[in-house]
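Below are the chains, spelled out letter by letter.
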Amino acid sequence: MTERSTQPAPTDHERECPDCGLFQRIPRLPPNGEANCLRCDATLRRTRVRSFDKTLALSLTSLVLYWVAVTAPFLSVDIVGRQRETTMLSLPVAFWEEGAWELALIVGVTAIIMPLVKIGVMVAVMVGLRTANPPRSLPLMFKWYRRVGPWAMVEVFLLGVFVAFTRLGAIATVDVGIALYAVAALMMTMVAADYYLDDDEIWHAMEARGLVPPAEIGPGTPIGCDVCGRVHYGQDGDRCTRCDSVVRSRKPNSIVNTWALLAASALLYIPANAFPVMTITRLGKGNESTILGGAQELLDAGMWPLALLVFVASIMVPLLKLFSMSVMLMTAQRGSSWRLHDRTVVFRLVDFIGRWSMIDIFMMATLVGLVRAGAIASITPGLGAICFGSVVVLTMFAVTCFDPRVMWDRAEARDAARNDPNTLLPRENRPAPLPAEPRAA
Ligand SMILES: [Zn+2]
Ligand SMILES: [Zn+2]
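Residues numbered from 1 in each chain as written. Chains lettered and ligands numbered in written order. Predicted model: local features only at pLDDT ≥ 70, side-chain atom pairs only at ≥ 80, totals over all residues. Heavy atoms only, no water.

(A) Structural context of the coordination of the zinc ion (ligand 2). Every protein donor of the zinc ion (ligand 2) is accounted for by Cys 225 (SG), Cys 228 (SG), Cys 240 (SG) and Cys 243 (SG), and the metal-donor separations fall at 2.2 to 2.3 Å. Around the zinc ion (ligand 2), the 4 donor atoms are arranged such that angles at the metal cover 101 to 114 degrees; this shape is classified as tetrahedral. Classification of Cys 240 by relative accessible area gives buried; the value is 4%. (Donors = N, O, S within 2.8 Å, 3.2 Å for Na, K, Ca; no water. Tetrahedral: all angles 85-135°; square planar, octahedral: opposite > 155°, others 65-115°. Buried < 20%, exposed > 50% of the residue type's maximum accessible area, 1.4 Å probe, protein only.)

Set out below in structure tokens:
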């Protein structure tokens, strides 16, 4: 659905593919249409029917559900006659009280704060655009919707709670509170809001209301804004005229930064698996459990689909991420053009699945938050859990730091060098460079 741009177009119909860096012009799309990159198939734009109304309705519903989710009773357990009721907020608090502030921070941010930011931003933008005098800050707010998106993990949280729920069966009687149903519904409304959202329609509405200036063609090179997608004419380090983000043709020091983050995660992956992630104390007897041990326990209890889920999400996904990111970095450094398209698809996949490794962290948060009956039954987080949480966060940062366009740039540069016979000649035999064009004084 896209056409290769031959001349620079001064409108927002021009787009730089975020995955391969090809500049393309997006044609007028039919409702529910989709424009994909000509070279790597990345989705450049999707249109939706009545996107505005649906997104507003879904965001308002999400806000109500969120409020129920964090205030209503979440889960309650009965351990030998001792009742304990929790809310969602008590999960990070339990980590905090057990001294694992890193995990408290991760769970608090990804399960509680980021979903609220995401919903709040969308409601503010959608309602703001319908007022007579929309606030000038709407464009700045809207850019945060996509920025915080990957860190709002309601769906992963829900799956983690589900795994915890099945593991708790052996220790205590668990009752589901209304908040858990609210989280399940919230997950669906948030996914649907994402699906119906048409970013460009919102940007165009803001332009029509005078909140952002129209796109302009100017001197300088075209650079696609990583955050809002507008093509900016100028130089590296300018600010986007639409969302005010710093525009860069490529992420700075992408390869070095990604290597550093990958190396740190690879180092932490060892203690994450070697040390216990939690200690389950029952009737005064402590029993330490590692990630692999947890999966084994589920398998022994006959719950093999969950055992498989935990094994894949906690052990395979981080390993796969470390391995495939390393391959991408090495091939990018060599300027290899081997399976460029496939490597780009793998990058998108790694970006998508990375967050699912958080299942184990959310499962532990639920267990630690619920089972707090001292010597009778209690679950405390271990060093392995802190290392594991860090691995997940660091690999997510590594994916964000990596710029897949570098793979295409370097492969192109190497191909060009190969096809240019001059580069094969020894330096002294190459023809002298042409003199620069004389300029009028
Ligand atoms: Zn592309
Ligand atoms: Zn922008």
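There is more to say, and it comes next.
(B) Region of interest: helix 1 (residues 51-71). Relative to the 30 Å expected for 21 residues at 1.5 Å per residue, helix 1 spans 30 Å between its end C-alpha atoms, a close match to the ideal helical length. Those residues of helix 1 that fall on the buried side of the exposure criterion are Ser 51, Phe 52, Thr 55, Leu 56, Leu 58, Ser 59, Ser 62, Leu 65, Tyr 66, Ala 69 and Val 70. Structurally, helix 1 contributes buried residues whose contacts are with helix 3 (101-128), helix 6 (178-196) and helix 7 (199-208). (Helix = DSSP H or I, 4+ residues; strand = E, 2+ residues; numbered from the N terminus. Expected span 1.5 Å × (residues − 1). Contact = heavy atoms within 4.5 Å.)

(C) Local environment of the sheet that holds strand 7 (residues 82-86). Strand order in the open sheet formed by 3 strands is 7-6-8, and the pairing between neighbours is antiparallel. Whereas interior strands pair on both sides, the edge strands pair on one side only; in this sheet they are strand 7 and strand 8 (173-176). The sheet shows a mean angle of 15 degrees between the axes of neighbouring strands, direction not considered. Bridge count for strand 6 (residues 75-79) against strand 7 is 5 bridges, and the pairing is antiparallel. What sits directly across from Asp 78, in strand 7, is Gln 83. (Pairing = 2+ DSSP bridges. Axes fitted to C-alpha atoms, helices over the stretch in contact; angles between N-to-C directions.)

(D) View of the layout of surface pockets. Here the second largest pocket is characterised by a volume of approximately 240 Å³. In this structure, the second largest pocket is lined by 16 residues; those nearest its centre are Arg 167, Ala 170, Ile 280, Arg 282 and Glu 297. Among the secondary structure elements, those contributing two or more residues to the lining of the second largest pocket are helix 5 (154-168), strand 11 (278-282), strand 12 (285-289) and helix 9 (291-300). (1 Å grid on protein atoms, 1.4 Å probe; cavity = no way out; pocket = protein on both sides within 12 Å on 5 of 7 lines; lining within 4 Å. Points joined across faces, edges and corners; volume = space filled by probe spheres on them.)

(E) Expanded view of the coordination of the zinc ion (ligand 1). The protein atoms donating to the zinc ion (ligand 1) are Cys 17 (SG), Cys 20 (SG), Cys 37 (SG) and Cys 40 (SG), with metal-donor distances spanning 2.2 to 2.3 Å. Every donor counted, the 4 donor atoms about the zinc ion (ligand 1) form angles of 100 to 116 degrees at the centre, which fits tetrahedral coordination. Spacing between the donor residues of the zinc ion (ligand 1) along their common chain follows C-x2-C-x16-C-x2-C. Note that Cys 20 is positioned in the loop between strand 2 (14-16) and strand 3 (23-25) and Cys 37 in the loop between strand 4 (34-36) and strand 5 (43-46), a separation of 17 residues in sequence. When sorted by exposure, Cys 20 lands in the same class as Cys 37, which is buried.

(F) Structural detail: the environment of Pro 27. Positionally, Pro 27 belongs in the loop between strand 3 and strand 4. Sequence separation between Pro 27 and His 13 is 14 residues; the distance between their C-alpha atoms is 7.0 Å.

(G) Representation of unusual backbone geometry in the model. Of note, Asn 32 is a non-glycine position whose phi angle comes to about 60 degrees, a positive value. Take Asn 32: it is sitting in the loop between strand 3 and strand 4. A positive phi is found at Arg 50, a non-glycine position, where the angle reads about 50 degrees. With respect to the helices and strands, Arg 50 occurs in the loop between strand 5 and helix 1.

(H) Representation of the pattern of salt bridges in the model. All chains considered together, the criterion is met by 23 salt bridges. Residues Asp 244 and Arg 239 are paired through a salt bridge, measuring 3.8 Å at the closest nitrogen-oxygen approach. Across the pair Asp 403 and Arg 405 runs a salt bridge, and its minimum N-O distance is 2.9 Å. Here the two residues Asp 403 and Arg 405 agree in accessibility, since each one is buried. (Salt bridge = Lys/Arg side-chain N within 4 Å of Asp/Glu carboxyl O.)

(I) Focus on the nonpolar core. Residues Phe 74 and Phe 157 are the most contacted members of the largest nonpolar core, which totals 108 residues. With 11 residues, the single largest contributor to this core is helix 13 (residues 383-401). No fewer than three residues from each of domain 1 (1-46 + 216-229) and domain 2 (48-212 + 250-415) sit in this core. Apart from residues no more than four positions distant in its own chain, Phe 157 is found in contact with Phe 74, Met 88, Leu 91, Ala 111, Val 183 and Phe 362. Membership of the second largest hydrophobic core comes to 23 residues, among which are Leu 56, Trp 203, Ile 223 and Val 247. (Core = buried A, V, L, I, M, F, W, Y, C linked by side-chain atoms within 4.5 Å. Domains from an automatic or database assignment.)

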